Each structure stands twice: as structure tokens, then as C-alpha cells.
Amino acid sequence: MSTHISNAGSGGTLFIVAAPSGAGKSTLVNALLERESSISLSISHTTRPPRPGEQYGRHYYFVERTEFQREVAEGIFLEHAEVHGNFYGTSRNTVQELLQQGRDVLLEIDWQGAAQVRKAKPDCVSVFILPPSRAELERRLRGRGSDSEEVIERRLRNSRGEIAHAHEFDYIIVNDRFEDALDTLQAIVRAVRQRTALQCQRHESLIRELLADR
Ligand SMILES: Nc1ncnc2c1ncn2[C@@H]1O[C@H](COP(=O)(O)OP(=O)(O)OP(=O)(O)O)[C@@H](O)[C@H]1O
Ligand SMILES: Nc1nc2c(ncn2[C@@H]2O[C@H](COP(=O)(O)O)[C@@H](O)[C@H]2O)c(=O)[nH]1
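Below is a summary of the structure that appears in this document. The model shown is predicted, which means the values in this text are computed figures rather than measured ones. (Residues numbered from 1 in each chain as written. Chains lettered and ligands numbered in written order. Predicted model: local features only at pLDDT ≥ 70, side-chain atom pairs only at ≥ 80, totals over all residues.)

## Observations regarding the packing of helix H5 (residues 134–144) against helix H6 (residues 149–163)
Consideration 1: Contact geometry of H5 with H6 gives a least axis separation of 10 Å together with a crossing angle of 150°. Accordingly, the angle class assigned to the pair H5 and H6 is roughly antiparallel. Relative to H6, the crossing made by H5 is right-handed. Here H5 contributes Leu137, Glu138, Leu141 and Arg142 to the contact with H6, which in turn contributes Ile152, Arg155, Leu156 and Ser159.
Consideration 2: Considering only residue class, the contact of H5 with H6 consists of four nonpolar, one polar and three charged. (Axes fitted to C-alpha atoms, helices over the stretch in contact; angles between N-to-C directions. Helix = DSSP H or I, 4+ residues; strand = E, 2+ residues; numbered from the N terminus. Parallel < 35°, antiparallel > 145°, perpendicular 65-115°, else oblique. Left-handed = near helix turned anticlockwise from the far one by under 90°. Contact = placed C-beta atoms within 7 Å. Nonpolar A, V, L, I, M, F, W, Y, C, P; charged D, E, K, R; others polar.)

## What to know about the site of ligand 2
Consideration 1: Close contacts around ligand 2 come from 15 residues, with Ser44, Ala81, Tyr88, Ile109 and Gly113 the closest.
Consideration 2: Among the elements of the structure, strand S5 (77–83), strand S6 (86–91) and helix H4 (111–120) are those that each provide at least two residues to the shell around ligand 2. (Near = placed C-beta within 6 Å.)

## Re the sheet that holds strand S7 (residues 104–108)
Consideration 1: One open sheet holds the five strands; their spatial order is S2-S7-S1-S8-S9, and the pairing between them is parallel. Of all strands in the sheet, those bounded by a partner on one side alone are strand S2 (39–41) and strand S9 (171–174). Mean inter-strand twist for the sheet, computed between neighbouring axes without regard to direction, equals 25°.
Consideration 2: Pairing between strand S1 (residues 14–18) and strand S8 (residues 125–130): four bridges, direction parallel. Pairing of Ala18 across the sheet is with Phe128, part of S8. (Pairing = 2+ DSSP bridges.)

All we've got here are geometric facts, nothing functional implied.
Here you go:
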């Protein structure tokens, strides 16, 4: 089975957006999709139970672990990973079909999945979203009100391990003022489409601060 994915003959670009849980990536991505209707969001498969209000096929394809394992064995995933104790995966066919139709495709996935996608599709464009501080990350995770205390603590514990991979991404955005972060994300998408260079900060001192053991 080939691990490569092709969009030969089309202008579609594969974008990846990753972030520690609670940094605001889904909120940013949803707002970007409102502004840029020609981008398709890939809906992932997951073994995580649905949160209140989440719908099958709109937020995720919710599946049992045995079904997910069967799908892995069948090779349907472009990438898959265990994140915060649940399994998540991106359908290879869906992404390939959209790219071949000339659509830009956006994957909202973790750093492990991003590393797998870079191998399969080296011309993808990856963006990492940082929170402005650890305190704000915790406030957002709690303020969302969607997860148990145990889940929130696990996600906070895992956030350092995720932020440690930020430097692997093409672009890094700090989601402090929402509109500023959204404008930057949109500017990245537009620059990629127009094949123009966009200088973005690497935020090294903020990353050191977020990784510090305090
Ligand atoms: N710039 C911002 N300022 C304040 N609150 C924000 C900002 N961006 C997002 N939020 C809020 O933070 C919370 C977490 O956002 P969101 O669910 O988008 O995070 P996420 O990174 O997608 O998390 P996960 O990986 O767990 O899905 C939400 O309640 C959202 O409204
Ligand atoms: N490697 C992958 N990671 C994924 C995928 N879909 C989502 N995710 C990441 O999981 C965490 C948690 O998401 P949540 O919806 O349970 O809060 C987050 O970092 C997502 O980006 C996927 O298909 N592959």
C-alpha cells in the first residue's frame, strides 16, 4: 500500500492546524471556514465519546475501538494517533478526492498526525497555534465546560509535550486576541495560494515560557 497522497493536476493545498487542547484551534478554524468557503475541513474518525451537542459526521465520525482498529488494519487512514487516551484518524480517500477536485483541505490534528502527513505529503502547509500563557490555556479549557476535571487535567499535562513540537511547523500563531490570530491564519492561507512569502514570528521566548516547569 502506498503511503503517499497525490493531488497531481490540481491546485488544492493540504493545510494542517495543530495546537494543545484548549488553545482555540477549532474556534479559529471554524471562523476561517466562514471567511474562506473554498476550504474543506476533513472530518476525523475518533473513539472519543461525543460531547453534548456533537453530531456524527459533522464534528467527527464516532466509532468503537474495535471498528477503529479494523480501519487501521485496512489502511484507510492517511494518519492516525492516540491523543489524550483516545484514537483519532484522517481518511486518506476523502482528503485525496477533495485535493483532486482542486479544493484546499484543512486537517485539525495533533503533532503526531502532522508528522505522518508531512511524510506522505511533503508540500502540505502546517500551522501551530499557541495559547498566550499556561494560565489562559487552563481558563479556556475550564471555560469551555465540555470536559470532566480528569480530562482537563490530562489535557493540561499533555500540553507541554505538544508545544515541544511547535518548531516542526511552518507557521506559529499566538491566539491571544482572537481577531488578530484569525487574520494571521487567513493571511497564511492567502499567501500560500498566491505563492507569496509571509514572514511570521517563531515565538521562541513564549514557547520557552510555556514549556517551563512552573
Ligand atoms: N482568542 C481567544 N480568547 C478567548 N477565548 C478563546 C479564544 N480562542 C478560543 N477561545 C475559547 O477557548 C475555548 C477552547 O477553544 P477550542 O475548543 O476552539 O480549542 P481547541 O484548541 O480546538 O481544543 P481541542 O483540541 O480540545 O478541541 C473555547 O471556549 C473558545 O471559545
Ligand atoms: N492525529 C490526529 N489528531 C486528531 C484528529 N482529530 C482530532 N485530533 C486531535 O485530537 C485532540 C483532541 O481533540 P478533541 O476533539 O477530543 O478535543 C486535538 O489535538 C485534535 O487536534 C485526527 O484525525 N488525527
